[in-house]
Amino acid sequence: QVELVESGGGAVQAGGSLRLSCAASGRTFSSLAMAWFRQVPGTDVEFVIGERRSGGEIFYADSVKGRFTFSRDNAKNSVYLQMDSLKPEDTAGYYCVAREPGASTWNRWGQGTQVTVSS
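All of these numbers come straight from a predicted model, not from anything done at the bench. (Residues numbered from 1 in each chain as written. Predicted model: local features only at pLDDT ≥ 70, side-chain atom pairs only at ≥ 80, totals over all residues. Heavy atoms only, no water.)

### A short note on the state of the cysteines
So, point 1. Considering all chains together, one arrives at one disulfide under this definition.
So, point 2. Residue C22 pairs covalently with C96 via a disulfide, S to S 2.0 Å. The S-S bond linking C22 to C96 shows a torsion near -75°; that makes this disulfide left-handed. Linking C22 in strand β3 (residues 18–25) with C96 in strand β9 (residues 92–99), this pair joins segments that are 74 residues apart in sequence. We note that C22, like C96, is buried. (Disulfide = S-S within 2.5 Å. Helix = DSSP H or I, 4+ residues; strand = E, 2+ residues; numbered from the N terminus. Buried < 20%, exposed > 50% of the residue type's maximum accessible area, 1.4 Å probe, protein only.)

Okay, structure coming up:
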(Lines give C-alpha, C1' and ligand atoms only; values in the text may rest on other atoms or scores of the structure.)
Protein backbone atom coordinates (compact mmCIF):
# COMPACT_ATOMS: atom_id res chain seq x y z
CA GLN A 1 0.00 0.00 0.00
CA VAL A 2 1.43 3.32 -1.08
CA GLU A 3 1.30 6.13 1.45
CA LEU A 4 1.81 9.74 0.44
CA VAL A 5 2.43 12.60 2.84
CA GLU A 6 2.49 16.20 1.65
CA SER A 7 4.14 19.13 3.37
CA GLY A 8 5.05 22.73 2.62
CA GLY A 9 1.67 24.38 2.25
CA GLY A 10 0.88 27.73 3.79
CA ALA A 11 -0.13 31.30 3.17
CA VAL A 12 1.69 33.62 0.79
CA GLN A 13 1.05 36.90 -0.98
CA ALA A 14 0.40 37.07 -4.69
CA GLY A 15 3.64 36.89 -6.63
CA GLY A 16 5.32 34.79 -3.99
CA SER A 17 6.56 31.21 -4.05
CA LEU A 18 5.99 27.98 -2.20
CA ARG A 19 7.50 24.54 -2.52
CA LEU A 20 5.41 21.50 -1.72
CA SER A 21 6.99 18.17 -0.91
CA CYS A 22 5.53 14.69 -0.99
CA ALA A 23 7.14 11.68 0.65
CA ALA A 24 6.09 8.24 -0.53
CA SER A 25 6.39 4.91 1.22
CA GLY A 26 5.14 1.37 0.86
CA ARG A 27 6.19 0.54 -2.68
CA THR A 28 9.18 0.93 -4.96
CA PHE A 29 8.97 4.64 -5.60
CA SER A 30 10.62 4.53 -8.99
CA SER A 31 7.70 2.44 -10.32
CA LEU A 32 5.11 5.09 -9.50
CA ALA A 33 3.88 7.76 -11.86
CA MET A 34 3.37 10.91 -9.78
CA ALA A 35 1.29 14.04 -10.07
CA TRP A 36 -0.20 16.95 -8.19
CA PHE A 37 -3.89 17.80 -8.16
CA ARG A 38 -5.73 20.59 -6.40
CA GLN A 39 -9.24 21.28 -5.22
CA VAL A 40 -11.20 24.28 -4.10
CA PRO A 41 -14.05 23.32 -1.74
CA GLY A 42 -17.27 22.84 -3.69
CA THR A 43 -15.51 22.31 -7.01
CA ASP A 44 -14.04 19.36 -8.90
CA VAL A 45 -10.52 18.16 -8.36
CA GLU A 46 -8.19 19.68 -10.94
CA PHE A 47 -5.03 18.17 -12.45
CA VAL A 48 -2.12 20.55 -11.95
CA ILE A 49 1.06 18.86 -13.10
CA GLY A 50 2.45 15.36 -13.41
CA GLU A 51 4.06 12.65 -15.46
CA ARG A 52 2.46 10.07 -17.70
CA ARG A 53 4.87 7.47 -16.37
CA SER A 54 7.66 7.44 -13.84
CA GLY A 55 10.42 9.69 -15.07
CA GLY A 56 8.56 10.49 -18.27
CA GLU A 57 7.35 13.68 -19.90
CA ILE A 58 5.79 16.24 -17.60
CA PHE A 59 2.31 17.57 -18.36
CA TYR A 60 0.93 20.83 -17.05
CA ALA A 61 -2.45 22.44 -16.69
CA ASP A 62 -2.50 25.55 -18.88
CA SER A 63 -3.16 27.67 -15.82
CA VAL A 64 0.23 26.81 -14.26
CA LYS A 65 2.54 26.61 -17.28
CA GLY A 66 5.62 28.72 -16.81
CA ARG A 67 4.96 29.12 -13.07
CA PHE A 68 4.93 25.62 -11.55
CA THR A 69 7.69 23.03 -11.75
CA PHE A 70 7.51 19.31 -11.03
CA SER A 71 10.49 17.31 -9.88
CA ARG A 72 11.20 13.97 -8.29
CA ASP A 73 14.06 12.49 -6.32
CA ASN A 74 13.98 8.70 -6.38
CA ALA A 75 16.76 8.50 -3.82
CA LYS A 76 14.52 10.33 -1.34
CA ASN A 77 11.23 8.73 -2.45
CA SER A 78 9.90 12.22 -2.96
CA VAL A 79 8.33 14.55 -5.46
CA TYR A 80 8.19 18.31 -5.31
CA LEU A 81 6.02 21.09 -6.65
CA GLN A 82 7.75 24.43 -6.97
CA MET A 83 5.15 27.15 -7.31
CA ASP A 84 6.29 30.61 -8.40
CA SER A 85 4.41 33.77 -9.31
CA LEU A 86 1.47 32.56 -7.26
CA LYS A 87 -1.96 34.03 -7.88
CA PRO A 88 -5.03 34.16 -5.64
CA GLU A 89 -6.72 31.68 -7.98
CA ASP A 90 -4.04 29.14 -7.02
CA THR A 91 -5.60 28.96 -3.58
CA ALA A 92 -6.66 25.34 -3.02
CA GLY A 93 -5.91 22.12 -1.25
CA TYR A 94 -3.03 20.44 -3.07
CA TYR A 95 -2.81 16.68 -3.27
CA CYS A 96 0.10 14.43 -4.08
CA VAL A 97 -1.12 11.55 -6.20
CA ALA A 98 0.38 8.30 -7.48
CA ARG A 99 -0.56 5.77 -10.11
CA GLU A 100 0.74 2.28 -9.43
CA PRO A 101 1.92 0.01 -12.24
CA GLY A 102 -1.10 -1.55 -13.95
CA ALA A 103 -3.55 0.98 -12.56
CA SER A 104 -5.70 2.89 -15.06
CA THR A 105 -6.29 5.84 -12.77
CA TRP A 106 -4.49 7.89 -10.14
CA ASN A 107 -5.24 5.45 -7.36
CA ARG A 108 -3.25 6.70 -4.37
CA TRP A 109 -3.82 10.08 -2.79
CA GLY A 110 -2.19 11.99 0.03
CA GLN A 111 -4.15 13.84 2.67
CA GLY A 112 -3.54 17.21 1.06
CA THR A 113 -1.93 20.47 2.09
CA GLN A 114 -3.55 23.90 1.93
CA VAL A 115 -2.13 26.73 -0.14
CA THR A 116 -3.62 30.18 0.35
CA VAL A 117 -2.58 33.10 -1.85
CA SER A 118 -3.71 36.57 -0.82
CA SER A 119 -3.94 39.55 -3.14
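### Regarding the environment of V97
So, point 1. Within the secondary structure, V97 is located in strand β9.
So, point 2. Classification of V97 by relative accessible area gives buried; the value is 0%.
So, point 3. V97 sits 63 residues away from M34 along the chain, and the two C-alpha atoms are 5.8 Å apart.
So, point 4. Non-local contacts of V97, meaning those with residues more than four positions away in its chain, are made with L4, A33, M34, A35, F37, W106, R108 and W109. (Contact = heavy atoms within 4.5 Å.)

Don't take any of this as a statement about function, it's just geometry.
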